[in-house]
Amino acid sequence: MKLNIEGLLVYFPYDYIYPEQYSYMLELKRTLDAKGHGVLEMPSGTGKTISLLSLIVAYQRAYPLEVTKLIYCSRTVPEIEKVVEELRKLMEFFSKETGEKNNFLALALSSRKNLCVHPEVSSLRFGKEVDGKCHSLTASYIRAQRHSNPSLPSCRFYEEFDALGRQVPLPAGVYNLDDLKDYGRRKGWCPYYLARYSILHANIIVYSYHYLLDPKIADLVSKELAKKSVVVFDEAHNIDNVCIDSMSVNITRRTLDRSQANVDTLQNTILKIKETDAAKLKEEYRRLVEGLKEATVARETDIYMSNPVLPDEILQEAVPGSIRTAEHFVGFMKRFLEYLKARLRIHHVVQESAPQFLKDIFEKVCIDRKPLRFCAERLRSLLRTLEITDIADFSAITLISNFATLVSTYSKGFTIIIEPFEDRTPTIANPVLHFSCMDPSIAIKPVFERFQSVIITSGTLSPLDIYPRILDFRPVTTASFTMTLARTCLCPLVVGRGNDQVAMTSKFETREDFAVIRNYGNLLLEMSAIVPDGIVAFFTSYIYMENIVASWYEQGILENVQRNKLIFIETPDAAETSMALEKYQEACENGRGAILLSVARGKVSEGIDFVHHFGRAVIMFGVPYVYTQSRILKARLEYLRDQFQIRENDFLTFDAMRHAAQCVGRAIRGKTDYGLMIFADKRYARADKRGKLPRWIQEHLTDGSLNLTIDETVQLSKHFLRQMAQPFRQEDQLGLSLLTLEQLESEEMLQRIAQIAHQA
Amino acid sequence: MAALSEEVLLVVKRVRQRKQDGTLYLMAERIAWGPEGKDRFTVSHLYADIRCQKISPDGKAKIQLQLVLHTGESTNFHFSNESTALKDRDAAKDLLQQLLPKFKKRANKELEEKNRMLQEDPVLFQLYKDLVVSQVISAEEFWANRLSVNNVDHTLSNNKQEVGISAAFLADIRPQTDGCNGLRYNLTSDIIESVFRTYPAVKQKYAENVPHNLTEKEFWTRFFQSHYFHRDRISTGLQDIFSECAKQDEKGLKSMVIQGVKNPLVDLLSLEDKTLHEGYGSNLMVPSTSTAKTVKENSNSAIIKRFNHHSAMVLAAGSGKKIDAPNDQASETSSTDGNSRDSDVFQPPIKKVRIQEAIEYEDLHMENGRKTVALNLKTGGFSDLVGSLS
C-alpha cells in the first residue's frame with residue numbers, strides 16, 4: 001500500500017498495516033525532520049524493521065540531499081541477513097508499483113569469514129584465522145614482494161578486484177552476503193573488499209554494531225561515511241555493553257608471556273633486516289621524524305586493526321623521539337612488559353585510576369605518558385616495516401600496545417583492577433589486569449556527533465529515559481509503542497509461591513533452599529503437562545542452572561518432566577548448544593514437545609527467537625541480576641552514580657529487567673503468535689520491578705496475575721491456552737489491530753493511533 | 001554326498017548319539033552327525049531351525065550338548081572322548097554360539113515378514129488358509145512363490161509408522177525393595193526394546209554377551225548396577241562391561257556436535273559477527289569458569305550432557321533416523337573437513353527459506369487461497385505427499 005505520512009509518500013510492501021507501524025513511522029519521520037536522535041521502543045514482531053526501512057527509504061527518495069545514506073546496525077549475522085531480505089522485498093514492491101527500475105544500492109557487510117570466497121582461506125574455522133590468512137596474501141608489501149618473486153602465493157580474487165573492481169561501481173540492487181559472494185565469484189573479485197569499497201557510495205548499508213562502535217574497526221571501515229546519514233541501532237537494548245566492550249582490555253599472564261615471545265621475534269627480525277636492508281628502517285625513521293605517520297598512505301589491506309582510541313583523541317603530531325628507532329621501541333616495549341609483569345605479581349586486589357597507573361609507571365620505570373600514547377601507532381608502523389605476514393601471531397603484543405595507548409589517552413571513565421586470583425578459587429594464582437571502560441558514552445559519542453540522526457530502537461528499552469542518560473545524548477523523540485491486539489496473545493503471570501505457600505525467589509539467601517528448588521521443579525513439571533509443543537525456561541546464571549538441574553535430577557523431578565516432554569539444556573559450549581537447539585526445534589516440529597533450559601544473558605537468550613510452537617511458554621526462574629560481586633561491576637556502578645546520578649539499585653534492577661524482558665519476549669513474534677510469560681519470582685510483583693518492564697508487557701499484567709501459586713498459574717494458563725487454540729482469522733483483526741488503507745485514513749482511527757505512542 | 005560341496009567348519013570325532021558312536025560335523029549352514037563307518041548323516045539340522053543349545057552342567061560325568069529346535073524336538077550329543085571331551089564340547093558350543101544368532105535373525109525376519117504379509121493382505125491370508133492349512137501345498141512351497149514377489153513392493157513396509165519411545169522409560173523402571181535388602185526391577189519387553197533403540201551400544205553388548213557369557217537376568221542386573229545407568233557420578237575408574245558404552249555415547253554426542261546444525265538461524269557459532277579479539281571486552285557478566293572445576297560441578301555438567309544426549313537419542317529413535325555409529329571413523333572425518341564446502345553448497349537454499357519464513361508477516365497479506373494442510377491419515381495420501389515434497 002501507499003501511505004501518506006505527514007506529506008511523505010511511503011511505499012509499504014504489504015496489503016495491510018498494523019496501527020503501531022503507522023504510529024512508529026510518524027515518530028520516525030519527526031525525528032528525521034528535526035535532524036535529531038531518537039529512542040523508540042516497539043514490541044518485536046510488530047514489523048519494526050520494515051517500518052523503519054519503508055520510511056527511511058521514502059525519505060531518502062524525497063529528500064536526497066538531506067539524507068544520503070542509511071546505516072543500519074544489527075547484532076547478529078542472521079539479523080543482518082533478515083534486514084537485507086526485508087529491504088529486497090521493499091525494493092521489489094517499489095519497482096512493481098512505480099514501474100521504475102530501482103536505482104538504490106543496498107548491501108550487507110560482514111567480516112571476512114562470512115564473505116571470503118578464496119577456497120583455502122574461507123575454509124578456515126575461526127574469524128581470526130581468516131583475517132590473518134587474508135592479510136598474509138593481500139598486504140601491500142607482500143604484493144610488492146611478489147613483483148620480484150612471482151612464486152609467492154596470492155589471492156586472485158583480491159588481485160582481480162584491485163585491478164578492475166574499483167572502476168565500475170557495483171550496479172544498483174540489493175546485495176545480501178550470499179549475493180555478494182555470488183557476484184564476487186562470477187566476476188572473480190573479492191567480495192569483502194568489494195563490499196568495503198562499495199559502502200562508500202551505497203545508499204543503504206547493513207552491518208554489525210562493531211563497524212561503528214569499535215574504534216579499532218570503525219576507523220578502517222566507516223571513517224569516510226557521509227555525515228548526512230541516518231544511523232539505526234536495532235536490538236539496541238544492550239548497546240551500552242557493546243560500547244564498553246569495545247574499549248576494554250584484559251591482560252593475563254598468558255598474554256604477557258606471548259607478548260614476550262612477540263617482542264623477541266621482533267628483535268630478531270630487526271637484527272636480520274639491519275643486515276640485509278638497513279635502508280628500510282632508516283626510511284621508517286625518517287617518516288616518523290617528519291610526522292608523516294601514514295606517509296605511504298596505508299593500503300586498505302595493510303591494517304588489520306586500527307588505533308583503539310577514538311579519532312579525535314589521536315594526536316596529530318610526530319612520534320616522540322624516544323621510540324622512533326625500531327630498537328628503541330622494542331626496548332621500550334620490553335620495559336613496559338616487565339613493569340606489567342611486576343604488577344601482576346601481587347597477592348591482593350588493586351584498583352586504581354588511569355592517572356594513578358601513569359604516575360606509578362613513571363616512578364618505577366620512568367615511562368612517560370607521551371610515548372605510551374603512540375604505542376599502538378608505533379607498533380603498527382613497525383609491523384608494516386618489518387613486513388610481518390602473520391599478524392594474528394602478534395595479537396598479544398598488539399593488545400598490550402592498545403592498552404598502553406588507551407590508558408595514557410583517557411584519564412576519566414576507565415578503571416584498572418588487578419586481581420591476583422578468582423574469587424571462587426583463592427588458592428590458584430591467576431592474575432588478571434582488567435582495564436575496564438565504565439562509561440558507554442565514550443565509544444558512542446563520535447557517532448552521535450558525526451551523524452545527523454541516530455535511532456536507537458528495540459523491543460525492550462524500558463525505562464526509556466535511562467538510555468539517553470547512560471549514553472549521554474539528547475534525543476528529540478522518545479516513544480514507546482504498545483501492541484494493538486484483537487486478542488490478548490500474551491499472558492504474563494507472576495508466580496510468587498508454591499502450593500505450600502513457600503515464597504518462590506532466586507534471592508541469594510534462599511536460592512539454595514530445598515523448598516524453593518522443589519517448587520521451581522513443580523512449576524516446570526505442571527507446565528510441561530499443560531503447555532503444547534515447546535517450553536523455554538531461563539535461569540539467572542549458568543551455575544545456578546547447573547545446581548538446580550542436579551537437584552531436580554536427584555529429586556526425580558526431571559524424570560517426571562520427561563514423561564511429558566524431552567529435555568534439552570544449554571551448555572557453555574556453543575556447538576553443543578546449537579545441536580541441542582536444533583533437536584529441540586525438531587522435537588517441537590514433530591509434535592513430541594520439548595523443554596529447553598537456558599540462561600538469561602546467554603547466547604540463546606540474545607540471539608534465538610522461539611516463534612509459534614517453538615515457544616508456547618517462557619518461564620523465567622528468578623530475577624536475572626548481574627553477578628554483583630564483580631569488582632568491575634562495582635566500579636561501574638560507582639561511576640554511574642557519580643557521573644550520571646543513577647543509583648546502584650536502579651541500574652541493577654533496570655539491567656535485570658531488560659534481560660528478563662528479553663527472555664520472555666523471545667516467545668512472541670507477531671500477532672498470530674501466542675505465548676505464556678511466566679515470571680517465577682515473587683519480587684516481580686513489586687512496583688519497582690514491574691514498572692521497568694516494557695509497556696507492551698506491563699499493560700497485560702493485571703493485579704489478578706500477581707503473586708500466584710502454582711495451582712493458580714496452571715488454571716490461568718489452561719484457560720489462556722484453550723482460548724488461544726481457537727481459530728484466529730484475519731477478519732478478527734481487521735479494523736482493530738490490522739488496518740486497510742481506508743480504515744487508516746478515517747478520522748477516528750488516526751485519533752486512536754495518536755494514543756499508541758507513549759512519550760516518555 | 002552333500003557334505004562335499006559344503007564348507008566344514010569343525011569336525012568332532014567320538015560323539016555319541018542315541019548310544020551310537022559317530023562324528024559331528026559343523027558346516028556353514030547346518031550341523032550334522034553320522035555314525036561311525038557310514039558315509040551318510042543320520043542327523044542333520046539347519047541352524048535356522050535351531051532355537052537354542054543347552055549344555056550339561058560342568059561337574060556332570062556325561063558331557064553333553066543339546067540342541068532344541070523350533071519345533072520343540074531336541075537332539076542330544078554325548079562327547080565321549082575321555083581326555084578331550086570337555087574341550088570338544090566347548091569348541092562345538094562356541095562355534096554354535098557364533099553361528100546361531102546369525103541364522104536366528106534371518107529366521108525371525110522371515111517369519112515376521114510372512115506374518116506381516118498375511119496380516120496386511122486378507123486375500124493372501126485366505127489363500128494361505130485354503131492352501132497351507134488344508135495341506136494342499138506345504139508352507140515352503142507357498143512362500144517360495146510369495147517372498148520374491150514381496151521384495152518388489154518392499155517400500156510398503158516402510159509406510160508403517162513406528163511408535164516412538166517415551167522419554168521417561170528409564171524412570172518407569174522403578175526399583176522395588178523385595179524386603180530383604182535387595183532391589184527388584186521389573187522389566188517388560190517394551191522397556192528393553194526402548195533401551196535398545198535409544199542406546200544401540202547396550203544392544204551391542206547384549207548381543208555379545210547373552211546368552212553365552214551371561215544370562216539375560218545377569219545382564220540386566222549388571223546393567224542396573226553399572227555406572228552407566230547411574231551416570232550422574234563421575235566414573236570412578238571401575239570397569240564393567242558398560243564402561244565402553246559410556247565412551248561410545250560420548251563419542252556419539254561429539255560426532256553429533258561436529259556434524260553441526262543445518263538451520264543457520266540456530267547456529268550459535270556463526271551468530272555473532274565477532275570482531276572483538278581475544279583479550280578485548282569485559283567479562284562483567286559471568287565470573288569466569290575457565291579454571292579448576294570442583295567435582296560437584298563436573299558431575300553437574302555430566303548430568304546436563306547426559307540429558308542432551310538422551311533426548312537426542314530418544315528423538316532419533318522415535319523418528320526412525322539412525323544417528324550414525326560413532327565408531328564410523330570415515331564418516332566422521334569427512335564431515336569435519338567437508339564442513340565448509342558442504343555448507344557453501346547446501347546452505348543457501350535452507351538459509352533463504354528460513355530467513356523468508358522469519359521475516360514473513362502472514363497477517364499483513366491479503367488472504368488469497370490460504371494454504372492449509374489437510375490431515376490425511378490414509379497411507380496412500382501420505383506417500384503422494386512425500387512424493388510431491390521430494
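Coordinates for the structure precede this section.
The shown structure was predicted, so the numbers you read here are calculated from the model rather than taken from an experiment.

Q: Is there a simple way to explain the overall build of chain A in this structure?
A: Assigned secondary structure in chain A consists of 33 helices and 21 strands. Relative to the 2.2 N^0.38 estimate, which gives 27 Å for 760 residues, the radius of gyration of chain A is 28 Å and therefore close to what a compact globule would have. C-alpha atoms of chain A, sized along the principal axes, occupy 85 × 70 × 50 Å. Counting only contacts in chain A whose residues sit at least 6 apart along the sequence, the fraction spanning at least 24 positions is 81%. Distance between charge centroids for chain A: 3 Å, based on 94 positive and 95 negative side chains.

Q: Which parts of the structure should I look at to understand the packing of helix H8 (residues 177–187) of chain A against helix H9 (residues 191–198) of chain A?
A: For any two helices packed against each other, the geometry comes down to the angle between their axes and how far apart the axes lie. All names here are of chain A. In contact at an axis separation of 9 Å, H8 and H9 are set at 115° when each is read in the N-to-C sense. Considered as vectors, H8 and H9 are oriented roughly perpendicular to each other. Considering only the axes of H8 and H9, their crossing is right-handed. Each of Leu-180, Lys-181, Tyr-183 and Gly-184 in H8 lies in contact with H9, whose residues at this interface are Pro-191, Leu-194 and Ala-195. Class assignment for the residues of the contact of H8 with H9 results in five nonpolar, one polar and one charged.

Q: Explain the sheet that holds strand S7 (residues 204–208) of chain A to me, please; I cannot follow it from the model alone.
A: Pairing between sheet strands relies on hydrogen bonds along the backbone, with the strands arranged either parallel or antiparallel. Residue and element names in this part refer to chain A. Strand order in this open sheet of nine strands is S6-S5-S7-S4-S8-S13-S3-S14-S21, and the pairing throughout is mixed. Edge positions in the open sheet fall to strand S6 (173–175) and strand S21 (757–759), since each of these has one partner strand only. Going across the sheet, the axis of each strand differs from the next one's by a mean of 15°, ignoring polarity. Pairing of strand S4 (residues 69–74) with strand S8 (residues 229–233) involves five bridges; the strand directions are parallel. Within the sheet, the bridge partner assigned to Lys-69 lies in S8 and is Ser-229. Strand contacts of H8: strand S5 (105–108) and S6, with the helix running at about 100° to S6, the strand carrying the most contacts. With respect to the sheet, helix H19 (residues 440–450) is in contact with strand S3 (37–41), S8 and strand S13 (453–458), its orientation differing from that of S13 by roughly 125°.

Q: Can you walk me through the packing of aromatic side chains in this structure?
A: The way to describe two aromatic rings as a pair is by their centre distance and the angle between their planes. Summed over all chains, the structure comprises 41 aromatic pairs over all chains. Consider the rings of A:Tyr553 and B:Phe307, whose centres lie 5.9 Å apart with planes at 90°: the pair is edge-to-face. Taken together, the positions of A:Tyr553 in helix H22 (residues 542–554) and B:Phe307 in helix H11 (residues 295–318) put the pair across two chains. With relative accessibility at 6%, the residue B:Phe307 sits in the buried group. Between B:Phe219 and B:Trp220, the aromatic rings sit 5.1 Å apart at their centres with planes inclined by 90°, giving edge-to-face as the arrangement. Ring-pair connections join several aromatic residues into one group, and the members of that group are A:Phe336, A:Tyr339, A:Phe357, A:Phe403, A:Tyr410, A:Phe414 and A:Phe435. The residue whose ring lies beneath A:Arg166 is A:Tyr197, and the NZ or CZ to ring-centre distance is 5.9 Å.

Q: Sorry, what's going on with unusual backbone geometry here?
A: Negative phi is the rule for most residues except glycine; trans is the rule for most peptide bonds. Residue and element names in this part refer to chain A. Between Ser-462 and Pro-463 the backbone carries a cis peptide bond, its omega angle lying at -10°. Within the secondary structure, Pro-463 sits in the loop between S13 and helix H20 (466–471). The backbone of Lys-35 sits at a positive phi, close to 50°, despite the residue not being glycine. On the secondary structure map, Lys-35 appears in the loop between helix H1 (19–33) and S3. Residue Lys-35 is classed as partly exposed on the basis of its relative accessible area, which comes to 38%. Unusually for a residue other than glycine, Asp-472 sits at a positive phi of about 55°. Structurally, Asp-472 can be placed in the loop between H20 and strand S14 (475–481).

Q: Looking at this structure, how should I read helix H8 (residues 200–209) of chain B?
A: Helical periodicity: at 3.6 residues per turn, an α-helix aligns residues three or four positions apart in one direction. All names here are of chain B. Among all positions of H8, only Ala-201, Val-202, Lys-205, Tyr-206 and Asn-209 are buried. Down the axis of H8, the smallest arc covering the buried residues is 145°, so these residues share one side. On its buried face, H8 sits against helix H7 (189–198), helix H9 (216–225) and helix H10 (243–259).

Q: Looking at this model, I keep getting lost on the sheet that holds strand S2 (residues 20–27) of chain B. Mind explaining?
A: All names here are of chain B. Strands sit in the order S4-S3-S2-S1-S7-S6-S5 across an open sheet of seven strands; the sheet is antiparallel. Of all strands in the sheet, those with a lone pairing partner are strand S4 (43–46) and strand S5 (50–55), marking the two edges. Shown here is a sheet whose adjacent strand axes are inclined to one another by a mean of 25°, direction ignored. Two strands pair when backbone bridges link them, and strand S1 (residues 8–17) and S2 are joined in this way by seven bridges, in the antiparallel orientation. Bridge pairing in S2 links Arg-16 to Asp-21.

Q: Can you walk me through the interface of chain A and chain B in this structure?
A: One frequent convention defines the size of an interface as the accessible area lost when the parts assemble. Taken residue by residue, the interface counts 109 residues in chain A and 81 residues in chain B. Approximately 8400 Å² of surface area, both sides summed, lies buried where chain A meets chain B, with 56% of it carried by carbon and sulfur atoms. Remark: the boundary between chain A and chain B carries four salt bridges. The tally of links between chain A and chain B comes to 21 residue pairs in polar contact (both at pLDDT 80 or more).

Criteria and thresholds
- Residues numbered from 1 in each chain as written.
- Chains lettered and ligands numbered in written order.
- Predicted model: local features only at pLDDT ≥ 70, side-chain atom pairs only at ≥ 80, totals over all residues.
- Heavy atoms only, no water.
- Helix = DSSP H or I, 4+ residues; strand = E, 2+ residues; numbered from the N terminus.
- Rg over C-alpha atoms; globule rule 2.2 N^0.38 Å.
- Contact = heavy atoms within 4.5 Å.
- Lys, Arg positive; Asp, Glu negative; His and termini not counted.
- Charge placed at Lys NZ, Arg CZ, Asp CG, Glu CD.
- Axes fitted to C-alpha atoms, helices over the stretch in contact; angles between N-to-C directions.
- Parallel < 35°, antiparallel > 145°, perpendicular 65-115°, else oblique.
- Left-handed = near helix turned anticlockwise from the far one by under 90°.
- Nonpolar A, V, L, I, M, F, W, Y, C, P; charged D, E, K, R; others polar.
- Pairing = 2+ DSSP bridges.
- Phe/Tyr/Trp six-rings, centres within 6.5 Å; stacked < 30°, edge-to-face > 60°.
- Buried < 20%, exposed > 50% of the residue type's maximum accessible area, 1.4 Å probe, protein only.
- Lys NZ or Arg CZ within 6 Å of the ring centre and 35° of its normal.
- Arc of directions from axis to C-beta.
- Buried area = accessible area lost by both parts, 1.4 Å probe.
- Salt bridge = Lys/Arg side-chain N within 4 Å of Asp/Glu carboxyl O.
- Polar contact = N/O pair within 3.5 Å; in protein donor to acceptor, adjacent residues only side chain to side chain.

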